[in-house]
Amino acid sequence: GGSGGPATLAASDQSHLVAICDEGIYTSATPFVRVYFSDDGGSTFDVAATAPAIAPGATSIASPVPQVVVIGVNGGDLIGTFDDGATWSVVHHQTNSDAWLQVGFTTASQGVAVDANGAMLMTFDGGHVWAPVSFSGLKLYQNPRHDWSG
């Protein structure tokens, strides 16, 4: 096994938590990622059946409902599981993205992801499909005394 390394946590409700752990960072020549699930508020954690095929250093994690997890990883991928970690897949690849700063859900189906370059994506189906959000042409504020659009 491995030990020693950072962990990132997310909760879908007060009982269901998920932790993605970079293991072996301090104790192994080959660090790896493990994902753990808890259904008792974090008193105990069980390792996921499979781990996503990603390098340590995931930048953001969200769990809108139990058994669903979306992870933002370096290099522009959003990785998701919809079956409690039994299978993992790339749900979106953002070209020219270094890292995801934030992945989160406002409801069980609606989520937002923001990358280090300022790109924003949204999902309306619980994380299966992500689409860019465009702010072009948006005027945030107009004051008759000053033109803030320039």
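Our structure's up above, just so we're on the same page.
Parameters and conventions
Residue numbers here run from 1 along each chain, matching the order of that chain's written sequence. Since the coordinates come from a predicted model, pLDDT governs what is reported: local features require at least 70, and pairs of side-chain atoms require 80 or more to be given and counted, while whole-chain, interface and lining totals use all residues. Only hydrogens and water are set aside when side-chain values are computed; all heavy atoms of the structure are taken into account. In this analysis a 1.4 Å probe is tested at points of a 1 Å grid over the protein atoms alone, and where it fits but cannot get out there is a cavity; an open set with protein on both sides within 12 Å along at least five of seven lines is a pocket; lining residues have an atom within 4 Å of a point. Grid points are joined across faces, edges and corners, and a volume is the space filled by probe spheres set on the points. Under the scheme used here, helices are H or I runs from DSSP no shorter than 4 residues and strands are E runs no shorter than 2 residues, and both carry numbers assigned from the N terminus. Asp, Glu, Lys and Arg are counted as charged, while Ala, Val, Leu, Ile, Met, Phe, Trp, Tyr, Cys and Pro are counted as nonpolar; the rest, among them Gly, fall into the polar class. The nonpolar core is taken to be a set of buried Ala, Val, Leu, Ile, Met, Phe, Trp, Tyr and Cys residues, with the residues joined through side-chain atoms within 4.5 Å. Between buried and exposed lies partly exposed: a residue is buried under 20% and exposed over 50% of the maximum accessible area for its type, with that area taken using a 1.4 Å probe on protein chains only. By definition in these notes, contact holds between two residues if any of their heavy atoms fall within 4.5 Å.

**Q** So what about the layout of surface pockets? Which residues, and what values?
**A** Estimates place the volume of the largest pocket at around 150 Å³. Taken together, S12, H16, L17, V18, F37, S38, D39, D46, S63, P66, Q67 and D84 make up the lining of the largest pocket. For the lining of the largest pocket, the secondary-structure elements that each account for two or more residues are β2 (17-23) and β3 (32-38). Partitioning the lining of the largest pocket into residue classes produces four nonpolar, five polar and three charged.

**Q** Quick one: what's the story with the nonpolar core, residue by residue and with numbers?
**A** Among the nonpolar cores identified, the biggest contains 15 residues, and V18, I20, V35, I54, I61, V69 and I71 are the most heavily contacted of them. Looking at this core, the elements that each hand over two or more residues are β2, β3 and β6 (69-72). Of all the elements, β3 adds the most residues to this core, at three residues. Beyond its immediate chain neighbours, meaning those up to four positions away, V18 contacts T8, L9, A10, V35, Y36, F37, I61, S63 and V69. Among the nonpolar cores identified, the runner-up in size contains ten residues, and A62, W100, V103 and W130 belong to it.

It is worth stressing that arrangement in space is one thing and function is another; only the former is reported here.
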